[in-house]
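Topology and contacts: notes
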Amino acid sequence: SSSGNGRRRTTRTSGEPTSGRAVAAAAKKLRDLQRRLKFRGCLAPSVFEAPFEEAAVESLYRDLAARFRLARQTLLAVWLAAVTAASAGLFVGGAALGSSAQHGLLWGAVGASGVLLFALWTCVEADRLARRLLWSGTQACVGDAREHEALAAQVAQLRAQLGAAKYEEATMYKLLFRGQTRLASFSSGTSGPREFLLAAPEARSITSAVEGEPNLAIALALSGRTTDWDAVKRAATRLRHRDYGLRDYYVDVRQAFPELQLYTVTREEYKAGHRDISSGLTPDEEYRRTLGALFALYWLARVGIDGECGLSFGVDDDWAPRKIPEQEDLDGSAALKKRLTFYCNTPWKKLLQLLVDAGMLTERGGRGGAVEVAVPRMCAMLALTAIHDVFKVEALLPRVRPEHAPFKGFAAGDVINDHDVAMYYVLDHFPEALPSFAGLDATQRHSVLFTQSKMSFNHGWLVQAEAPPHALFARFKRVIMAGEANPPDVSFYFVHWLTDLAGAVPNPLDGSERLVLGFPYQVLGSFITSFSVLSALATQTETEVFETYLESYWRDAAPRLRLGAPPSGEHAIAMMRLLCQAQSTEAQESVLAAWEKLSADDEKVLCDEMSRTGIADQHFRASAQKRPGGPAILVYYSPQLVRSLTPDSASQALAILAEVYRRSRKLWPLTPLERLDDDARTVTVRIDQIKELKLEDIRAVYSDGNSWLLYKRNEREAVVECHPIDYLAELHTNGHQAAVLKLWRKRTGVAIGGPDSAQTSRRTSASATLSRGSLSLAGHSPDPSWSRLPTGVAREGGEAAAEPAEAEA
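Residues numbered from 1 in each chain as written. Predicted model: local features only at pLDDT ≥ 70, side-chain atom pairs only at ≥ 80, totals over all residues. Heavy atoms only, no water.

1. Here we look at the overall build of the protein
- Tallying secondary structure elements over the protein gives 29 helices and 15 strands in all.
- Intrachain contacts of the protein at a sequence separation of at least 6 include 69% that bridge at least 24 residues. (Helix = DSSP H or I, 4+ residues; strand = E, 2+ residues; numbered from the N terminus. Contact = heavy atoms within 4.5 Å.)

Spelled out as structure tokens, the structure:
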């Protein structure tokens, strides 16, 4: 039927629409599905080639309908022509056959009418068939579209289910981790959506028959799993890709390294007095500490992308690095303030440079260029990080075979209970036992093996300038020379050291809590500053490296403290070491001011003793040693003593430190270093008992009838202890060496125990008058605390008249 506006509408039939709008709506859906699913319909390609507005769809529908009308009209014209021709033919034939012209005309008319009726019926049916074909085709497209729409909905539903399945333990382990099950002791009820992805894998138990045999025990625990080197290389290659998230990285390393399941290995039979993990943690906690080290490596490698935020603030429930907190977030949160302080004050470029120095990253076009990953070197660090604490699992500890004995102090048949030595033993003698190590090339295996050597290196001694060069570096230097290590190997070791420290707290998704919350940022800054100079230990002497570090620390502190260039002269090394020991700005300012008030005697002691190297033929450039010899003295915990007494009693702190050095030298007189064994070239003096005491607590000992004694325990060590005054005579009677620390002493310009405000410069010619039980200083009031000192402590010329043990009570 036709309407007044000329628009073609279909006749209402069962299952057909009453308007072209329904077709337009269906076609619009088809167009949307085609765009999403690349679907092509079955009507005509042109249906899906143009933008599908509703008006365009209706126009297209009218166009198609007009084509069918034209086809119908053409068919009708053809049939009319055929009917006319047939009628004429019938008429002629009827006239010829009939008895008359009337009979022929009648027969022709009847035949023509029949043909015409047949033609009309055929055209109507053709038109109806054409419309039905058009609609059935449209319905087929709509049906296909609806089917695709349903499939798309199923896909979306499956994606949603997969998103939820990321947090399902069973799905995670079966799909992501190749059928492994999580540790039975892990409780998902107490963890959030981030945590149970980190559940440790369950491992096999070790029988007593294979204990001590690493090649057998590890093979049994790994259950035939080998390293997936494609996953290793994928993790290393994509570390600095912006779209490579922490969760993707975790899945890669988890699939890559089979040794990660060794952290949960236990003995099949319980042994009384033995733990599963030598560190005292649970297997799951030790596993998470290893993950913390792996995550720290990920964040360090991504400094300049998002590594700073990840290391400082951790990640959210979607494993994306948390953003820098706003001011309102900081209110009432001391931990968050510490995290922000760490983020703002950490020298990130120096950390990135450490990875460059280690050969793990390269700078395209030289220093300062774009940073890229050196894949083989990064693979070696990933493997080392994954396996480095495996032998904290007591069931895996190796036993020294007779052909390998003695090994690092362990005899044949001994179980190596030091996890670092155990790792070195296995890597050296059973490299195939750990597939992630065995698959590295020879150069990378050499670097990994070097990190497991016993360096005897105390990093805290260096960053706080606590120890002399011999105690700091002598063994480290020997290991470097024996292993033929180069500067990148040394930096590689310190990257491993740093990531291991960063993962010490088993909360890997909260950033490096050990570095962020557990270290004062000044101390951590000292650690990071030291990395750049330590790699030179492969080519420079121990003393040169230490002096370079002291000068570097001084330059870093110079803008903050308004200092000039690093000092030179006999006082230079002592001043730079004391600056390192103070650490904080306030303490450093007070120490530098107190140095100017030191007595000449104390200054000379500190200058001499703090510039001894303990190494023959090695001297500091800045402070030439006038009286060479040894042993050098390591005052253990001297930085803590300095910091506990500063800034209020900085002068007394330096005087106490000088007294400890002075009495220690009495116990170990100067001897040419060539005459001393290597192990005897540094001695240790422990001041544990006074390291954190306040000044009034230190001097109160004397008023209570006790004294601070420096007691020589053996040829390598002495200790400061509090004892009754008469205990010194008992020690001497028993043949022990000891000395009284005269911490009550008064020297020109400084009184140990007096306030800094009462002190005069050592360059001021002040005269003192000393009498029994009292002290008067010209221009100053007597210090009443001196009246409480034991009798016999009065001095003349700056020296004690009698030792407390010999004085009257």
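2. Points about the packing of aromatic side chains
- Inspection of every chain in the model, using the stated rule, returns 26 aromatic pairs.
- Ring centres 5.2 Å apart and planes at 45° place the aromatic pair F457 and F476 in the tilted group. Placement of the pair is F457 in the loop between helix 16 (442-451) and helix 17 (459-463) and F476 in helix 18 (residues 469-483), with a sequence separation of 19 residues. F476 matches F457 in its accessibility class, with the two residues each being buried.
- Ring geometry for F476 and Y493: centres 5.7 Å apart, planes at 65°, overall edge-to-face. (Phe/Tyr/Trp six-rings, centres within 6.5 Å; stacked < 30°, edge-to-face > 60°. Buried < 20%, exposed > 50% of the residue type's maximum accessible area, 1.4 Å probe, protein only.)

3. Side note on the pattern of salt bridges
- If you walk through the whole model with that rule in mind, you get 28 salt bridges.
- In this structure, the salt-bridge partner of D306 is R302, at a minimum N-O distance of 2.8 Å. Comparing D306 with R302, the two get one shared label, buried.
- The salt bridge partner of D608 is R627, with a shortest N-O separation of 3.9 Å. (Salt bridge = Lys/Arg side-chain N within 4 Å of Asp/Glu carboxyl O.)

4. A closer look at the environment of E308
- Turning to its location among the elements, E308 is positioned in helix 9 (residues 307-313).
- With 203 residues separating them in the primary sequence, E308 and G511 have C-alpha atoms 9.7 Å apart.
- Setting aside residues no more than four positions away along its own chain, E308 makes contact with R302, V303, Y343 and W348.

5. Quick notes on the sheet that holds strand 7 (residues 706-712)
- The strand order 5-6-8-7-9 describes an open sheet built from 5 strands, whose pairing is mixed. Each edge of the open sheet is held by one strand with a lone partner, namely strand 5 (632-636) and strand 9 (738-740). Sheet twist, expressed as the mean angle between neighbouring strand axes with direction ignored, is 25°.
- Here 3 bridges tie strand 7 to strand 9, and the two strands are oriented antiparallel to one another. Looking at the pairing, Y711 lines up with A738 of strand 9.
- Across the face of the sheet, helix 27 (residues 650-667) comes into contact with strand 5, strand 6 (682-686), strand 7 and strand 9 while running at roughly 135° to strand 5. (Pairing = 2+ DSSP bridges. Axes fitted to C-alpha atoms, helices over the stretch in contact; angles between N-to-C directions.)

6. Description of unusual backbone geometry
- Of note, the amide linkage connecting A405 to P406 takes the cis form, showing an omega dihedral of -10°.
- Mapped onto the fold, P406 is located in the loop between helix 13 (375-387) and helix 14 (419-429).
- For the peptide bond that leads from T646 to P647, omega is 5°, which places it in the cis range.
- Mapped onto the fold, P647 is located in the loop between helix 26 (638-645) and helix 27.
- For S223, which is not a glycine, the phi torsion comes out positive at approximately 55°.
- Along the chain, S223 falls in the loop between helix 5 (214-222) and helix 6 (229-237).
- Exposure remark for S223: the relative accessible area of 45% places this residue in the partly exposed category.

7. Let's talk about a negative patch on the surface
- The grouping of E326, E328, D329 and D331 at the surface amounts to a negative patch.
- If you trace the backbone, E326 turns up in the loop between helix 9 and helix 10 (327-330).
- Accessibility expressed as a relative area gives 47% for E326, which makes it partly exposed. (Patch = residues over 30% accessible without salt bridge, like charges linked within 9 Å, V, L, I, M, F, W, Y side chains within 5 Å. Areas by Shrake-Rupley, 256 points an atom, 1.4 Å probe, with all protein chains shown as cover. Lys, Arg positive; Asp, Glu negative; His and termini not counted. Charge placed at Lys NZ, Arg CZ, Asp CG, Glu CD.)

8. Thoughts on the confidence of the model for the protein
- Summing up the model confidence of the protein, the mean pLDDT is 78 and the portion of residues at 70 or higher is 71%.
- Here strand 12 (residues 768-771) is the element of the protein with the lowest mean pLDDT, 27, and helix 13 is the one with the highest, 97.
- The low-confidence segment residues 1-19, where pLDDT is below 50, has 25 contacts with residues more than four positions distant or belonging to other chains.
- Per-residue pLDDT stays below 50 along residues 747-751; that stretch engages in 23 contacts with residues further than four places along the chain or on separate chains. (pLDDT = per-residue confidence, 0-100.)

9. Details of the side chain of E721
- Structurally, E721 is set in strand 8 (residues 717-724).
- Within polar-contact distance, the side chain of E721 engages the side chain of H723 at 2.7 Å.
- Once residues within four sequence positions are removed from consideration, E721 is found in contact with Q689, S707, W708, L709, Y711 and R713. (Polar contact = N/O pair within 3.5 Å; in protein donor to acceptor, adjacent residues only side chain to side chain.)

10. Things to note about the packing of helix 12 (residues 348-357) against helix 19 (residues 487-502)
- Running from amino to carboxyl end, helix 12 crosses helix 19 at an angle of 130°, the nearest separation of the two axes being 8 Å. Judged by the inter-axis angle, helix 12 sits oblique to helix 19. For the pair formed by helix 12 and helix 19, the contact residues are L351, L354, L355 and D357 on the first element and P488, S491, F494, V495 and L498 on the second. (Parallel < 35°, antiparallel > 145°, perpendicular 65-115°, else oblique.)

11. What about the nonpolar core?
- With 191 residues, the main nonpolar core has Y249 and F476 as its most contacted residues.
- It is helix 8 (residues 283-301) that provides the largest number of residues to this core, a total of 10 residues.
- With sequence-adjacent residues up to four places away left out, F476 is seen in contact with F450, M455, F457, V490, Y493, F494 and L537. (Core = buried A, V, L, I, M, F, W, Y, C linked by side-chain atoms within 4.5 Å.)

12. Things to note about the packing of helix 25 (residues 600-610) against helix 27
- The geometry of helix 25 relative to helix 27 is characterised by a closest axis approach of 9 Å and an angle of 65° between their N-to-C directions. For the crossing formed where helix 25 meets helix 27, the hand is left-handed. Each of D601, D602, V605, L606, E609 and M610 in helix 25 lies in contact with helix 27, whose residues at this interface are L654, A655, L657, A658, Y661, R662 and R665.
- In terms of residue class, the contact of helix 25 with helix 27 is made up of 8 nonpolar, no polar and 5 charged. (Left-handed = near helix turned anticlockwise from the far one by under 90°. Nonpolar A, V, L, I, M, F, W, Y, C, P; charged D, E, K, R; others polar.)

13. Description of helix 13
- Here helix 13 is 13 residues long and its end C-alpha atoms lie 18 Å apart, about the 18 Å a rise of 1.5 Å per residue gives.
- Most of helix 13 sits out of view: 11 of its 13 residues are buried.
- Among the residues making up helix 13, those that are buried are R377, M378, C379, A380, M381, L382, A383, L384, T385, A386 and I387. (Expected span 1.5 Å × (residues − 1).)

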